[in-house]
Amino acid sequence: MLSCSVRTLRRLRFCCNNSPFLLAKGYCFNRPKAVPSFCKTDSKFSRFYVGERQSSLRQWQKRSLYTEADAYSAIELALDSVVKIFTVSSSPNYLLPWQNKSQRETMGSGFVIPGKKILTNAHVVADHTFVLVRKHGSPTKYRAQVQAVGHECDLAILVVESSEFWEGMNFLELGDIPFLQEAVAVVGYPQGGDNISVTKGVVSRVEPTQYVHGATQLMAIQIDAAINPGNSGGPAIMENKVAGVAFQNLSGAENIGYIIPVPVIKHFIAGVEESGKYVGFCSMGLSCQPTENVQLRNHFKMQPHMTGVLVSKINPLSDARRVLKKDDIILEFDGVPIANDGTVPFRNRERITFDHLVSMKKPNETALVKVLRNGEEHAFTVTLRPLQPLVPVHQFDKLPSYYIFAGLVFVPLTQPYLHEYGEEWYNTSPRRLCERALRELPKKAGEQLVILSQVLMDDINAGYERLAELQVKKVNGIEIENLKHLCQLVENCSTESLRIDLDDDRVVALNYKSARIATSRILERHRIPSRMSVDLANGSSEVCSTGPVLRMGRILELSSHQLGSSKGSNYNRFIPGTLHYPRSFEIDERGHWPSFSSHASKSGSSHLRSPSCRPTSPLKPLPPPSIVAPVTIQVTSMSWKFVEEMISMS
């Protein structure tokens, strides 16, 4: 690969020395050429464009003389920079949102960057419950904490508190976007062994690519080096600097891997440093159509020298909705002309979609957009910010929302919910829900599509089981905005009968008092710990009025030892009723609560097998707890005997 680059360099040198006009083949020196606004020059466009290409060629010539000695030095540097990451994760079950799937162990790679941080992929630590890292040549694993995660760009930052871990570590610096055919070395811990692995390849392509993990389209670099499971998060080294982060490959193809380029990495890190958290990538909220057809351009009164794209749809939540209209022609973005196919100039005779210019903007930054409307040119200033779709594309590192009433399970529609139908979810999931998930836009902030996911059978809901997977429209004649709004309407119902209007003009009618009583019976029968998710319970003044403790009107002050909690538990759901006890246990970063009974699993970890709420040790009087802020947990009616014991003790 290296020799091929040198031969190509020699040919280019020969062409430049013997035929200088060959370099500018296809370009008119008298006609100005449009260049991106970030290219600063005081000379004419024509001279600058050729000069810029010659400068890029000289950089390419210099960087292509990358010898094997340089490659070995880069690898030697990476040995003290690349770490192996061990992750224990547990993903939610979106069909049964009150429980998690079994935990799994995965491995990936990462590397240290200035500031004593570790950079890796987001999918390496997605839905994590425990993370460890290990240095090259060391048998010791160190506990790591996830500081920030950007699932759209598939990047994450870890921190390690142990000072021993950072001894002898070399921080890698970020470089530039490599040119085509430049050599890179991918370092990581792929499958097939336990030690570090190094593979070499060359850059094949630079263009926006679909990021599989975040389902977004950002710039990526295609290389022919092998990228296998376990390589994710490892650096691609070029000239002692990082050219990108390995993150995915193309299934069904040989030696086609992708790395995240430096501009995307810097955008992610800068956002975290400025705001303390991941801020996302900006979007104009537009759906555009190419104007490559001559008749189409004539219809919208475009002059022969004009190029641009047609605005087909505008997100109601974007700032572009304020100034742009449907059927506008976007001619320029921040002074950069947009071609009829939606691309803009990029480096040396390369082109890239103008979405890249938008995504590299910081949140709340403005951009100057030049449009053609009814044959007249206009210039508008648009404020850019990240936009959330009506149906979330991913829900990593958060618990799914749900609400159960009379055995009717209501959830917001998300793509992870549709993914539960299998790999062919687009064909096997309900067609109407799938189309709405992919095409509909939100009309207001906080809007959700709420669906009746399933019916837990009982006498109260007999005959409604065929109404599952339909969207909920109204509750007692009031249109719902989201799941929380539905929960409030049901909880605050003051009529004898509750009416729920579904899609297809279907109606569910329930006797409200009978339905509330039936809810507790159904929860106990199906062993469901709570009739609403944590996010809904936190915003409800009456968390679960059917719970036994609220009916007693009694508040208990208990210690975590009396409740039999165990640190590191995988239990993370509320249970109906309310108990208050001092904060003397650990809650991890995902909001997991301690379990009430521990059972040894095959992997040796403890997890909750049933919400029995029995203490793990005999109850005995304890000294008064220290004065700390109380934390609320929940207890089911199945645990009523345990609650009675607590009351007798108090």
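Anything mentioned here points back to the structure above.
Only a predicted model underlies this, so the values are computations on that prediction, with no experimental measurement involved.

As for the overall build of the protein chain
A count of helices and strands for the protein chain gives 15 helices and 33 strands. Per-residue burial over the protein chain gives 50% buried out of 650 residues. Relative to all contacts within the protein chain whose residues are 6 or more apart in sequence, the contacts with residues 24 or more apart total 65%. Total accessible area computed for the protein chain in this model is approximately 31,500 Å², and 50% of it derives from carbon and sulfur atoms.

Remarks on helix 11 (residues 483-491)
Summarising burial for helix 11: 7 of the 9 residues are buried, a large majority. Those residues of helix 11 lying buried are Leu483, His485, Leu486, Cys487, Leu489, Val490 and Glu491. Its side-chain oxygen at 3.3 Å from the backbone nitrogen of Lys484, Asn482 defines the N-terminal cap of helix 11.

As for the environment of Cys153
With respect to the helices, strands and loops of the structure, Cys153 is situated in the loop between strand 6 (145-150) and strand 7 (155-159). You can call Cys153 buried: its relative accessible area is 0%. Cys153 sits 128 residues away from Phe281 along the chain, and the two C-alpha atoms are 8.3 Å apart.

Things to note about unusual backbone geometry
Peptide bonds are trans in most cases, and residues, glycine excluded, mostly fall at negative phi. In this structure, Glu239 takes a positive phi of about 55° despite not being glycine. Mapped onto the fold, Glu239 is located in the loop between strand 12 (235-238) and strand 13 (241-249). Residue Glu239 is classed as partly exposed on the basis of its relative accessible area of 34%. A positive phi angle, near 65°, is found at Asp504, a position not held by glycine. Structurally, the position occupied by Asp504 is in the loop between strand 28 (497-502) and strand 29 (507-511).

Considering helix 12 (residues 512-525)
For helix 12, spanning 14 residues, the distance from its first C-alpha to its last is 20 Å, which sits close to the expected 20 Å at 1.5 Å a residue. Among the residues of helix 12, Tyr512, Ala515, Arg516, Ala518, Thr519, Ile522 and Leu523 are the ones counted as buried. Looking at the buried residues of helix 12, the elements they touch are strand 23 (403-405), helix 11, strand 28 and strand 29. A side-chain oxygen of the first residue of helix 12 lies 3.3 Å from the backbone nitrogen of Lys513; this N-cap is Asn511. Arg527 sits one or two residues past helix 12 and shows a positive phi near 55°.

Structural notes on the packing of aromatic side chains
Under the criterion given, the structure shown has 10 aromatic pairs. With 6.5 Å between their ring centres and 50° between their planes, Phe333 and Phe354 make a pair best called tilted. In this pair, Phe333 sits in strand 17 (residues 329-333) while Phe354 sits in the loop between strand 20 (350-353) and helix 7 (355-359), placing the two residues 21 residues apart along the sequence. Assigned by exposure class, Phe333 and Phe354 land together as buried.

Considering the nonpolar core
Counting residues in hydrophobic clusters, the biggest one holds 69 residues, and the most contacted among them are Ile223, Phe268 and Phe333. Core analysis: the next-biggest nonpolar cluster, separate from the first, contains 30 residues, Tyr403, Val475, Cys487 and Tyr512 among them.

Focus on the side chain of Thr519
Within the element layout of this structure, Thr519 appears in helix 12. The buried category is assigned to Thr519, whose relative accessible area is 2%. Setting aside residues no more than four positions away along its own chain, Thr519 makes contact with Ile404, Phe405, Ala406 and Arg531.

A short note on the pattern of salt bridges
Counted under the stated rule, the structure contains 22 salt bridges. With a shortest N-O distance of 2.6 Å, Asp504 and Arg432 are connected by a salt bridge. Taken together, the residues Asp504 in the loop between strand 28 and strand 29 and Arg432 in helix 10 (residues 431-439) connect sequence positions 72 residues apart. Taking the relative accessible area as the measure of exposure, Arg432 reaches 40% and is therefore partly exposed. Two residues, Arg436 and Asp503, come together in a salt bridge whose shortest N-O distance is 2.9 Å. In this pair, Arg436 is assigned in helix 10 and Asp503 in the loop between strand 28 and strand 29, connecting sequence segments 67 residues apart. The buried category is assigned to Asp503, whose relative accessible area is 10%. Where salt bridges share partners, they join Arg432, Arg436, Glu440, Asp503 and Asp504 into one cluster.

Digging into the sheet that holds strand 6
Taken in spatial order, the 7 strands make up an open sheet running 5-4-1-2-3-7-6, and their pairing is antiparallel. Two strands bound the open sheet, and with one partner strand each, they are strand 5 (141-143) and strand 6. Strand-to-strand twist in this sheet, taken as the mean axis angle between neighbours without regard to direction, amounts to 35°.

Points about the pairing of strand 14 (residues 257-261)
Burial runs high along strand 14: 5 of the 5 residues are buried. Both strand 13 and strand 14 contribute to a ladder of 5 bridges, which runs antiparallel. Along strand 14, the bridge assignment pairs Gly244 with Pro261.

Points about the environment of Leu502
Take Leu502: it is sitting in strand 28. Sequence separation between Leu502 and Glu469 is 33 residues, and the spatial gap between their C-alpha atoms is 9.8 Å. Excluding residues within four positions of it along the chain, Leu502 makes contact with Leu452, Leu467, Leu470, Gln471, Val472, Lys473 and Val508.

Reading the values: rules and limits
- The numbers attached to residues start from 1 for each chain and follow its sequence in the written order.
- Only residues with pLDDT of at least 70 are given local features in this predicted model, and only at 80 or more are side-chain atom pairs given and counted; all residues enter the totals for whole chains, interfaces and linings.
- Derived side-chain values reflect all non-hydrogen atoms in the structure, with water molecules and hydrogen atoms excluded from consideration.
- The helix count covers DSSP runs of H or I at least four residues long, the strand count covers runs of E at least two residues long, and both are numbered beginning at the N terminus.
- Accessible area is worked out with a 1.4 Å probe on protein chains only. A residue is then buried under 20% of its type maximum, exposed over 50%, and partly exposed in between.
- When checking whether two residues touch, look at their non-hydrogen atoms; a contact exists if any pair is within 4.5 Å.
- Here, Shrake-Rupley sampling with a 1.4 Å probe gives the accessible areas, and only protein chains in the shown set may cover a residue.
- Polar contacts, as used here, are pairs of N or O atoms within 3.5 Å; protein pairs need one atom able to donate a hydrogen and one able to accept it. Residues neighboring in sequence count only if both atoms are side-chain atoms.
- What a helix should span is 1.5 Å times the count of its residues minus one.
- Stacked, tilted and edge-to-face pairs are distinguished by plane angle, under 30 degrees for stacked and over 60 for edge-to-face with tilted covering the rest, among Phe, Tyr and Trp rings (Trp via its six-membered ring) whose centres lie within 6.5 Å.
- Here, the term nonpolar core denotes a set of buried Ala, Val, Leu, Ile, Met, Phe, Trp, Tyr and Cys residues that are joined through side-chain atoms within 4.5 Å.
- Any Lys or Arg side-chain nitrogen located within 4 Å of an Asp or Glu carboxyl oxygen qualifies as a salt bridge.
- In this description, strands pair whenever DSSP reports at least two bridges between them.
- Fitted lines through C-alpha atoms serve as axes, helices being fitted only where they are in contact, and the angles separating the N-to-C directions of these axes extend from 0 to 180 degrees.

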